[in-house]
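Residue strings, one per chain:
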Amino acid sequence: MISKALIQEFQKVVGSDGVFADEADRAAYSYDAAVLEPVVPGLVVRPTTAEMLSRVVRLCNENRLPLTVRGAGTNLSGGTVPRPDGVVVLTNGLNRILEINTEDLYAVVEPGVITAKFAAAVEARGLFYPPDPGSQAVSTLGGNVAENAGGLRGLKYGVTRDYVMGLEFFDAEGNLVKTGARTVKCVTGYNLAALLVGSEGTLGVIHKIILKLIPAPQHRKSMVAVFDRVSGASETVAAIIANRIVPATLEFLDNFTIRAVEAYSKAGLPVEAAALLLIEVDGHPGQVEEEAAKVEAICRERGASSIQVARTAQERDKVWEARRAALSALAKLKPTVVLEDATVPRSRIPDMVAAVEEIARRHHLTIGTFGHAGDGNLHPTILTDRRDEKEWQRVERAIDEIFDRALAMGGTLSGEHGIGLAKASFMERETTRATLDYARRIKRALDPNNILNPGKIIGDA
Amino acid sequence: MATIQELARLVRELEDQLVVCMRCGMCQAVCPLYGETGREADVARGKLALLEGLSREMFRDPAGVSERLHRCLLCGSCAANCPSGVKVLDIFLKARAILAGYQGLSPVKKAVLRGMLGNPEIFDRVMEWGARFQKIFTRPANETLGTSCARFGASLLGNRHIKPLAPKPFHAELPSLDEAPGASGVKAAFFVGCLIDKIFPSVARASLKVLRHHGVGVYLPDNQACCGIPAASSGDLETFKKLVRHNLERFPVDRFDVLITSCATCTATIRKVWPVLFQEEGPEVLERVQALSEKAMDIHAFLVGRLGVAPDPVPPEKDALAVTYHDPCHLRKSLGVFAEPRRLLQASPSVRLVEMAQPDWCCGLGGSFSLEHYDLSAGIGRRKRDQVAAAGCRVVTTGCPACMIQLHDQLSQAGDTVTVRHAIEIYAENLNS
Ligand SMILES: Cc1cc2nc3c(=O)[nH]c(=O)nc-3n(C[C@H](O)[C@H](O)[C@H](O)COP(=O)(O)OP(=O)(O)OC[C@H]3O[C@@H](n4cnc5c(N)ncnc54)[C@H](O)[C@@H]3O)c2cc1C
Ligand code: SF4
Ligand code: SF4
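Here the structure is a predicted model, which means the values were calculated and not measured. Residue positions are given per chain, counted from 1 along the sequence in the order it is written. Written order determines the labels here, with chains lettered from A and ligands numbered from 1. In keeping with the model being predicted, local features are shown solely for residues with a pLDDT of at least 70 and side-chain atom pairs are shown and tallied solely at 80 or more, while totals for entire chains, interfaces and linings include all residues. The side-chain values count all of the structure's non-hydrogen atoms but skip hydrogen atoms and water molecules.

K.L.:
Just to check I follow, could you spell out the overall build of chain A for this structure?
P.N.:
A helix here means a DSSP run of H or I that spans at least four residues, while a strand means a run of E at least two residues long, and both kinds are numbered starting from the N terminus. When helices and strands are counted, chain A shows 15 helices and 18 strands. A globule of 461 residues ought to have a C-alpha radius of gyration of about 23 Å, and chain A, at 23 Å, matches this closely. Overall size of chain A, expressed as C-alpha extent along the three principal axes, is 70 × 60 × 40 Å. Categorising residues by exposure relies on relative accessible area from a 1.4 Å probe, with only protein chains included: less than 20% of the type maximum marks a residue as buried, more than 50% marks it as exposed, and the intermediate range marks it as partly exposed. Counting only residues that meet the buried cut, chain A has 58% of its 461 residues in that class. Put simply, 72% of the contacts in chain A that link residues at least 6 apart link residues at least 24 apart. For the accessible areas, the method is Shrake-Rupley and the probe is 1.4 Å, while residue cover comes only from the protein chains on display. Accessible surface, chain A: about 19000 Å² in total, of which carbon and sulfur atoms supply 50%. With 54 positive and 58 negative side-chain charges, chain A shows a spacing of 1 Å between the two charge centroids. Computation of the radius of gyration draws on C-alpha atoms, with the globule rule given as 2.2 Å multiplied by the number of residues to the power 0.38. The contact criterion used is simple: two residues touch if any of their non-hydrogen atoms lie within 4.5 Å. Positive: Lys, Arg. Negative: Asp, Glu. His and the chain ends are not part of the count. Charge positions come from single atoms, namely NZ of Lys, CZ of Arg, CG of Asp or CD of Glu.

K.L.:
Can you walk me through the domain arrangement of chain B in this structure?
P.N.:
Interface size is commonly expressed as the accessible area that is lost once the parts come together. All names here are of chain B. Domain delimitation follows an automatic or database domain assignment. Each assigned domain of chain B is listed with its residue range as follows: domain 1 (4-104), domain 2 (170-222 + 247-274 + 284-306) and domain 3 (321-429). Of note, the centres of domain 1 and domain 3, computed from C-alpha atoms alone, are 28 Å apart. At the interface, 17 residues of domain 1 touch 15 residues of domain 3. Buried area between domain 1 and domain 3, summed over both chains or domains, comes out near 1200 Å², and the portion from carbon and sulfur atoms is 68%. A carboxyl oxygen of Asp or Glu within 4 Å of a side-chain nitrogen of Lys or Arg is what we treat as a salt bridge. Our count for the domain 1 to domain 3 interface comes out at 0 salt bridges. Elements supplying a minimum of two residues to the side of domain 1 that touches domain 3: α3 (32-37) and α6 (77-81). The element contributing the most residues to the side of domain 1 that touches domain 3 is α3, with 4 residues. Classifying every residue of the side of domain 1 that touches domain 3 by side-chain character gives 11 nonpolar, 4 polar and 2 charged. The quantity reported as buried area is the accessible area (1.4 Å probe) lost by two parts once they are put together, taken as the sum for both. Just so you know the grouping, Ala, Val, Leu, Ile, Met, Phe, Trp, Tyr, Cys and Pro go in nonpolar, Asp, Glu, Lys and Arg go in charged, and all remaining residues, Gly too, go in polar.

K.L.:
Please explain the interface of chain B and chain A as it appears in this structure.
P.N.:
Counting from both sides, the interface comprises 34 residues of chain B and, opposite them, 33 residues of chain A. Contact with chain A buries area across many residues of chain B, yet B:Val19, B:Met22 and B:Arg39 alone supply 20% of it, more than any other trio. At the boundary of chain B with chain A, the tally comes to 6 salt bridges. In this structure, A:Arg386 and B:Glu52 form a salt bridge, with 2.5 Å as the shortest nitrogen-oxygen distance. In protein, a polar contact requires one atom able to donate a hydrogen and another able to accept it; more generally it is a pair of N or O atoms within 3.5 Å, and residues adjacent in sequence count only if both atoms are side-chain atoms. In this structure, the connection of chain B to chain A is made through 14 residue pairs in polar contact (both at pLDDT 80 or more). Sorting the residues of the side of chain B that touches chain A by element identifies α2 (15-18), α3, α4 (44-55) and α5 (62-70) of chain B as the ones contributing at least two each. Ranked by residue count, the leading element in the side of chain B that touches chain A is α4(B), at 5 residues. Taken together, the residues that form the side of chain B that touches chain A break down as 15 nonpolar, 8 polar and 11 charged.

K.L.:
Hey, could you run me through the site of ligand 3 in this one?
P.N.:
Residues and elements named next belong to chain B. With respect to spatial proximity, 13 residues lie near ligand 3, and among them Cys31, Cys72, Cys75, Gly76 and Cys78 are the closest. Contributing elements (two or more residues each) for the shell around ligand 3: α4 and α6. Within the shell around ligand 3, the residues separate by chemical class into 9 nonpolar, 2 polar and 2 charged. Throughout, the term near means that a residue has one or more heavy atoms lying within 4 Å of the molecule or strand in question.

K.L.:
I'm lost on the pattern of salt bridges in this one. Help?
P.N.:
If charged atoms from side chains of opposite charge come close, those side chains can pair. The full count for this structure, using the stated rule, is 47 salt bridges over all chains. The salt bridge involving A:Glu401 is made with A:Arg362; its shortest N-O contact spans 2.8 Å. Placement of the pair is A:Glu401 in helix α13 (residues 389-408) and A:Arg362 in helix α12 (residues 349-362), with a sequence separation of 39 residues. A residue is classified by how much of its surface remains accessible, and A:Arg362, at 41% relative accessible area, is partly exposed. Among the ionic contacts, a cluster of salt bridges with common partners joins B:Asp327, B:Arg332, B:Arg342, B:Glu355 and B:Asp360.

K.L.:
Honestly, the packing of helix α15 (residues 237-250) of chain B against helix α16 (residues 264-277) of chain B in this entry has me stumped. Any pointers?
P.N.:
The description of two packed helices rests on the angle between their axes and on the distance between the axes. Residue and element names in this part refer to chain B. Note on geometry: axes are lines fitted to C-alpha atoms, helical ones only across the stretch in contact, with angles between N-to-C directions running from 0 to 180 degrees. In contact at an axis separation of 11 Å, α15 and α16 are set at 115° when each is read in the N-to-C sense. For α15 against α16, the interelement crossing comes out left-handed. Facing Leu237, Phe240, Lys241, Val244 and Asn247 of α15, the residues of α16 in contact are Val273, Trp274 and Leu277. Classifying every residue of the contact of α15 with α16 gives 6 nonpolar, 1 polar and 1 charged. Note on convention: near helix rotated counterclockwise from far helix by under a right angle means a left-handed crossing. Clockwise means right-handed.

K.L.:
I keep staring at the UniProt feature "domain: FAD-binding PCMH-type" (unreviewed entry) in chain A and nothing clicks. Help me out?
P.N.:
UniProt positions are given in the numbering used here, feature names are shortened, and annotations may be inferred rather than shown by experiment. The UniProt feature table records "domain: FAD-binding PCMH-type" (unreviewed entry) at residues 37-216 of chain A. In the segment residues 37-216 of chain A, helix accounts for 22% and strand for 24%; the C-alpha atoms at its two ends are 42 Å apart.

K.L.:
For this particular structure, what's the right way to read the state of the cysteines?
P.N.:
Each disulfide is one covalent bond, formed between the sulfur atoms of two cysteines. Residue and element names in this part refer to chain B. Cysteine sulfur atoms that pair up within 2.5 Å are treated as a disulfide. Evaluation of the coordinates by the stated rule reveals 0 disulfides over all chains. Here Cys362 is not disulfide-linked; the sulfur of Cys329 is the nearest cysteine sulfur, at 3.9 Å. The exposure class of Cys362 is buried, given its relative accessible area of 6%. Cys403 takes part in no disulfide bond, and the closest cysteine sulfur, belonging to Cys363, lies 4.1 Å away.

K.L.:
Before we go on, may I ask you to explain helix α13 (residues 201-213) of chain B in this structure?
P.N.:
One turn of the α-helix equals 3.6 residues, which is why residues spaced by three or four share an orientation. Expected span of a helix: the number of residues minus one, times 1.5 Å. Across its 13 residues, α13(B) extends 18 Å between first and last C-alpha, which sits within 8% of the 18 Å expected from 1.5 Å per residue. Among the residues trailing α13(B), B:Gly215 stands out with phi positive, at a value near 70°.

K.L.:
Would you explain the packing of aromatic side chains in this entry?
P.N.:
The geometry of two aromatic rings is summed up by the distance between their centres and the angle between their planes. Stacked, edge-to-face and tilted are the three classes for Phe, Tyr and Trp ring pairs, Trp counted by its six-membered ring, which pair at centre distances within 6.5 Å; planes under 30 degrees apart are stacked, over 60 edge-to-face, the rest tilted. One pass over the structure, following the stated rule, counts 9 aromatic pairs over all chains. Considering the side-chain rings of A:Phe20 and A:Tyr29, the 6.2 Å spacing of their centres and the 25° angle between planes classify their relative orientation as stacked. Like A:Phe20, the residue A:Tyr29 is buried in the burial classification. Of note, B:Arg23 hangs over the ring of A:Tyr31, and the distance from its end group to the ring centre comes to 5.4 Å. Cation over ring: B:Arg39 sits above A:Phe20, and NZ or CZ is 4.1 Å from the ring centre. Both a distance and an angle decide whether a charge sits over a ring: NZ of Lys or CZ of Arg must be within 6 Å of the ring centre and within 35 degrees of the ring normal.

K.L.:
Mind showing me how you'd approach the sheet that holds strand β9 (residues 176-180) of chain A here?
P.N.:
Strand-to-strand pairing in sheets goes through backbone hydrogen bonds, with the strands running parallel or antiparallel. Residues and elements named next belong to chain A. The strand order β5-β6-β10-β8-β9 describes an open sheet built from 5 strands, whose pairing is antiparallel. For this open sheet the edge positions go to β5 (97-101) and β9, each flanked by a neighbour on one side alone. Geometrically, the sheet is characterised by an average inter-axis angle of 10° between neighbouring strands, direction not taken into account. Relative to strand β10 (residues 205-212), strand β6 (residues 106-109) runs antiparallel, the two sharing 4 bridges. Strand pairing is assigned whenever DSSP identifies at least 2 bridges connecting the two strands.

K.L.:
Even after reading the chapter, I still don't get the domain arrangement of chain A, so can you show me in this structure?
P.N.:
Residue and element names in this part refer to chain A. Under the domain assignment, chain A is made up of domain 1 (4-90), domain 2 (97-215), domain 3 (217-326) and domain 4 (334-419). Each of domain 2 and domain 3 has a C-alpha centre, and these two points are 30 Å apart. Taken together, the two surfaces of domain 2 and domain 3 that pack against each other cover about 790 Å², and 61% of this comes from carbon and sulfur. Counting the surface domain 2 buries against domain 3, the share from its top three residues, Leu152, Leu155 and Lys156, is 71%. Summed over the shared surface of domain 2 and domain 3, the number is 1 salt bridge. The partner of Asp282 in a salt bridge is Lys156, and the shortest N-O contact between them spans 2.6 Å. For the interface between domain 2 and domain 3, the tally reads 2 residue pairs in polar contact (both at pLDDT 80 or more). Looking at which element gives the most residues to the side of domain 2 that touches domain 3, the answer is helix α6 (residues 154-157), with 3 residues.

K.L.:
Please clarify how the site of ligand 1 should be interpreted in this entry.
P.N.:
Surveying the vicinity of ligand 1 reveals 35 residues, the closest of which are A:Val69, A:Gly71, A:Thr74, A:Ser135 and A:Thr140. Residues within reach of ligand 1 are spread across chains A and B. Interatomic distance of 2.7 Å between a side-chain N/O atom of A:Thr74 and an oxygen atom of ligand 1. One of the side-chain N or O atoms of A:Ser135 is found 2.5 Å from an oxygen atom in ligand 1. Relative to its unbound accessible surface of 980 Å², ligand 1 loses 97% to contact with the protein. Those elements giving two or more residues to the shell around ligand 1 turn out to be β3 (67-70), α5 (141-147) and β10 of chain A. Ranked by the residues each element gives to the shell around ligand 1, the list is headed by α5(A), at 5 residues. When grouped by side-chain class, the residues that make up the shell around ligand 1 number 12 nonpolar, 19 polar and 4 charged.

Listed below in structure tokens is the structure:
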């Protein structure tokens with residue numbers, strides 16, 4: 001229980017509009033997009049200035065209150081599931097784009113700015129901010145940085161990390177820390193921004209982000225290639241890259257997902273196909289045409305049974321509609337959706353797809369797999385009903401096995417969805433005891449009272 | 001009074017539908033209320049989580065949940081955009097019914113709903129009285145819009161620029177009709193709806209003109225009742241069912257081929273809400289409700305889809321009047337009707353359609369939502385007003401009288417000289433009678 005007096009303290013800092021103490025309001029901040037038990041926080045506050053944010057952090061620290069920062073709450077790993085006695089700090093009152101600099105190609109934003117709105121504002125100035133997580137219509141840039149979010153364009157353009165030039169954040173005591181700069185080059189001190197990216201709110205509370213922008217590609221071309229064998233699709237991926245072509249996107253849909261999308265959207269997809277690859281190349285028009293032709297030839301060489309190249313903007317939209325519909329189509333089949341994120345070196349995709357199929361069969365589960373083939377970042381999507389306890393136990397075993405297989409192939413637990421609470425207990429399996437100890441020592445040094453999003457990533461420090 | 005356990009049991013019946021929400025949060029992008037407040041309890045995901053928490057007895061505050069559940073426009077933007085296909089509106093209406101059952105209606109609401117809506121004749125009489133007396137209470141505010149703002153009774157009307165009640169409701173002008181089908185061979189019952197009857201009778205006039213022009217025989221029974229949505233959204237199932245049963249009597253399905261309305265809210269209610277809230281009634285009543293519900297059709301969709309009205313092949317003159325179109329949520333999101341009203345405007349040579357930014361962003365009225373949460377409703381409405389103003393047209397059209405009220409109010413408050421018309425009025429004016 002957070003005392004009345006303390007609630008009043010918070011109200012003094014952020015105003016009474018900015019404090020939600022009613023149970024029903026608090027309960028709406030008990031979850032995120034991970035399939036986990038909700039936890040109702042003790043208090044929710046919404047600062048609207050950096051000054052308020054700093055004082056909120058300080059107040060939490062002084063009173064030893066666990067603090068969980070929350071952007072849009074769309075992370076898939078429990079990163080915003082709070083502690084029952086904790087304070088949820090909302091960033092959606094800090095949502096200003098402070099600067100878009102078209103000469104020096106950077107932007108400065110507050111953490112609550114919505115990813116897609118930012119990307120659109122940048123595009124309106126003729127520039128490009130590539131990271132495009134599937135949740136971009138609602139996700140915040142602060143959440144993207146704190147999760148190091150990826151998206152469809154990772155292969156060519158990288159992930160959020162590759163665009164963070166600098167950060168300002170508050171440490172556990174609410175003091176301002178500055179790292180990085182508005183310059184391309186900066187070696188002033190430790191690279192603290194790198195430490196904060198992907199830290200899921202456990203090392204500091206970000207209040208300002210300097211993001212790199214790039215010129216928008218002049219031209220793009222999309223195509224769909226159909227394969228009778230998964231190995232044909234992944235050999236194609238390898239061959240495209242071996243030919244020194246780096247497509248902007250290279251997305252994969254397995255047979256189950258193809259059938260689900262077709263049943264849902266009747267887009268005319270080949271339901272017999274083992275796999276689809278959706279490929280987009282972009283850049284200078286001449287180069288794009290040349291690369292598109294090469295990619296087409298490679299697809300044919302590797303046994304694509306058909307290839308459709310989008311000639312118009314509408315055709316291009318149609319190509320991507322199938323990919324965009326993937327999650328919706330799968331989600332509609334069963335009540336509970338577990339979106340996994342195990343990632344392998346890209347040459348191991350056929351092995352990983354086969355492993356997932358085998359695991360699904362053995363545990364009598366429905367799993368559709370789609371994802372970013374170019375990055376080896378697949379999303380095996382388990383469809384279940386969490387109320388069915390027996391099946392849920394099989395789901396948990398299957399997740400466990402998916403991790404083991406991905407690790408055995410030299411892969412990783414999570415390509416982009418983060419560790420949070422959901423995968424914290426698996427950390428040691430991929431790394432070492434010492435790695436975790438090292439991380440915990442950093443955490444203890446920076447946050448001695450363990451108030452910053454405790455329990456996430458490294459368990460209880 | 002029901003115990004918390006009983007309440008939990010009732011709410012648990014919703015569980016099959018609730019569990020479909022995967023908490024992805026994508027509804028944040030489209031919820032007009034969340035856009036205004038940024039509070040998670042205002043977006044579908046938050047409300048669904050609260051209902052689930054209540055059903056699992058995670059916390060014990062049914063009144064708090066009920067209050068937040070009523071902070072909702074029931075616009076369906078969330079459902080239309082939901083990757084998981086959560087039937088958000090069904091859930092909200094059922095939950096409102098359950099929670100209202102638990103708490104009992106507030107005495108004021110009981111009186112208003114049971115006494116007025118539930119009894120069409122009394123309702124009509126009260127509204128007619130209102131029409132006679134309103135001149136004493138209001139003064140003209142904005143001449144283009146013909147709205148009036150409250151001089152007295154400010155506590156009731158707030159700062160709203162109300163579109164006045166028509167001097168004579170439509171049913172007094174034309175109580176009933178029963179015509180044989182003309183050239184089209186179709187006979188259509190016309191469901192007038194309260195707002196068109198009492199505030200916009202010109203829309204009913206235009207609708208009938210259009211139907212007759214296309215050789216449709218009109219069946220217009222007298223003593224029609226409200227479609228029931230105000231009662232359903234307050235969770236007052238008793239009044240709701242009484243109204244629906246009354247309409248079942250007034251509209252015997254074997255007398256016509258289709259049931260046409262020019263009110264998006266009425267069409268959506270008849271098609272989507274009636275069958276859902278009659279689920280647990282006996283099969284006999286349910287079948288009758290379903291039979292009538294399936295015949296219900298929006299007038300634009302009927303003209304374009306059924307009668308094949310098509311845009312004018314000659315593009316409009318440059319100097320044709322520029323009009324923009326606002327998508328009522330109940331047409332676009334609940335019924336998927338958005339191309340048809342535009343087709344009718346394109347089939348009207350006197351006008352040129354200019355799209356506004358985000359034509360499908362909710363106007364913010366949400367029926368009784370606007371009564372209970374006027375500031376929120378007005379906030380959402382101002383965003384709509386800005387979109388309309390930015391389109392630079394002198395006329396904004398739409399397909400729902402409820403949206404027309406909100407557009408009137410917001411444009412008038414902003415001092416705009418933009419007139420608000422129903423798309424069918426524009427189309428009707430372009431027909432040579
Ligand atoms: C449908 C769907 C599709 C998705 N697709 C993708 C995808 O393609 N790629 C991908 O990478 N992810 C994806 N995600 C996951 C998720 O959207 C991303 O992780 C996103 O970055 C989270 O942003 P958010 O604003 O919702 O952050 P939240 O969920 O609110 O927070 C995420 C973490 O960041 C911390 N945090 C937030 N703001 C701050 C701050 N200012 N300072 C410090 N810490 C902070 C939180 O404490 C939490 O630990 C998807 C999720 C969904 C539901
Ligand atoms: S979009 Fe649908 S599934 Fe996602 S949170 Fe909203 S209601 Fe739930
Ligand atoms: S019905 Fe409209 S107001 Fe209500 S939650 Fe859904 S989008 Fe928001």
